[in-house]
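# Remarks on the overall topology
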Amino acid sequence: MTSGARAPSLKGRALRYLAAREHSRAELQAKLARHVTCEDEPGALTRVLDELAAKGFINEARVAESLLHRRAGRLGQARVLQELRAKGLPDEIMADAADQLRTTELARAREVWRKKFGQVPVDAADKARQMRFLAGRGFGAETARRVLAGGYDEDV
């Protein structure tokens, strides 16, 4: 009788996930929890996550930095923070990310608006459509008003 392919270990699965992109501890725990079997020792998942964190494979600050780099150029503060919150990141990392996003919010909103529309609204319906677009991307109402009031040439 030949032995079939063994399922990857929890650590092997975790390393595969981490090779694809940065993951928070909470994300990895959720993904790996469904692969814990009765053959695994009690607490095996916690030990694997602790080991990976100790070796620097799991780094919450890198997770936030990666997400900010990938998403902040296209999304507003509210949307990016929602995605970070979903990753289960600690409050201090969330606060740092919010500070970073706040300082560039208007410039990012102008750039997103410029790429999509490029000209100030011609009537109330067009203005409402542009406002909804920016709101859908996670930009606040005040930021959207400022963008639409001055177009993309206005300095802060």
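The structure reproduced in this document is the subject of the present report. (Residues numbered from 1 in each chain as written. Predicted model: local features only at pLDDT ≥ 70, side-chain atom pairs only at ≥ 80, totals over all residues. Heavy atoms only, no water.)

Taking 1.5 Å per residue as the helical rise, helix 7 (residues 124-136) with its 13 residues ought to reach 18 Å, and the 18 Å between its terminal C-alpha atoms agrees with that figure. For helix 7, every residue scored as buried is listed here: D126, Q130, F133 and L134. Axial view of helix 7: buried residues confined to an arc of 95 degrees, hence all on one face. Turned more than 90 degrees away from the buried face of helix 7 sit A124, A125 and R132, all of them exposed. Structurally, helix 7 contributes buried residues whose contacts are with helix 6 (91-116) and helix 8 (141-150). Its side-chain oxygen at 3.3 Å from the backbone nitrogen of A125, D123 defines the N-terminal cap of helix 7. (Helix = DSSP H or I, 4+ residues; strand = E, 2+ residues; numbered from the N terminus. Expected span 1.5 Å × (residues − 1). Buried < 20%, exposed > 50% of the residue type's maximum accessible area, 1.4 Å probe, protein only. Arc of directions from axis to C-beta. Contact = heavy atoms within 4.5 Å. Polar contact = N/O pair within 3.5 Å; in protein donor to acceptor, adjacent residues only side chain to side chain.)

Two elements in contact, helix 4 (residues 60-71) and helix 5 (residues 77-86), have axes separated by 11 Å at closest approach and are oriented at 145 degrees. Crossing handedness for the pair helix 4 and helix 5: right-handed. Across the interface between the two elements, A64, L67, L68 and R71 from helix 4 touch R79, V80, E83 and L84 from helix 5. Class assignment for the residues of the contact of helix 4 with helix 5 results in 5 nonpolar, no polar and 3 charged. (Axes fitted to C-alpha atoms, helices over the stretch in contact; angles between N-to-C directions. Left-handed = near helix turned anticlockwise from the far one by under 90°. Nonpolar A, V, L, I, M, F, W, Y, C, P; charged D, E, K, R; others polar.)

Moving on to the side chain of Q130. Tracing the backbone shows Q130 in helix 7. Among all residues touching Q130, those that are not within four sequence positions of it are W113, F117, Q119, V120, P121 and L148.

Here we come to the packing of helix 2 (residues 25-33) against helix 3 (residues 44-54). Helices that pack against each other are described as a pair by the angle of their axes relative to one another and the distance between those axes. Taken N-terminus to C-terminus, the directions of helix 2 and helix 3 make an angle of 145 degrees; their axes are 11 Å apart at the nearest point. Relative to helix 3, the crossing made by helix 2 is right-handed. Residues R25, L28, Q29, L32 and A33 of helix 2 pack against L45, T46, L49, D50 and A53 of helix 3. Partitioning the contact of helix 2 with helix 3 into residue classes produces 6 nonpolar, 2 polar and 2 charged.

All told, the structure shown has 13 salt bridges when counted by the stated rule. A salt bridge links E22 to R62; the nearest nitrogen and oxygen atoms lie 3.0 Å apart. A residue pair is termed long-range when its members are at least 10 positions apart, and E22 in the loop between helix 1 (10-20) and helix 2 and R62 in helix 4 qualify at 40 residues. What makes E22 partly exposed here is its relative accessible area of 23%. The closest approach of N and O atoms between E111 and R114, which form a salt bridge, is 2.5 Å. Within this pair, E111 and its partner R114 are both found in helix 6, separated by 3 residues, close to a single helical turn. Take E111: its relative accessible area is 31%, and that puts it in the partly exposed class. (Salt bridge = Lys/Arg side-chain N within 4 Å of Asp/Glu carboxyl O.)

Coordinates in, geometry out; function isn't part of it.
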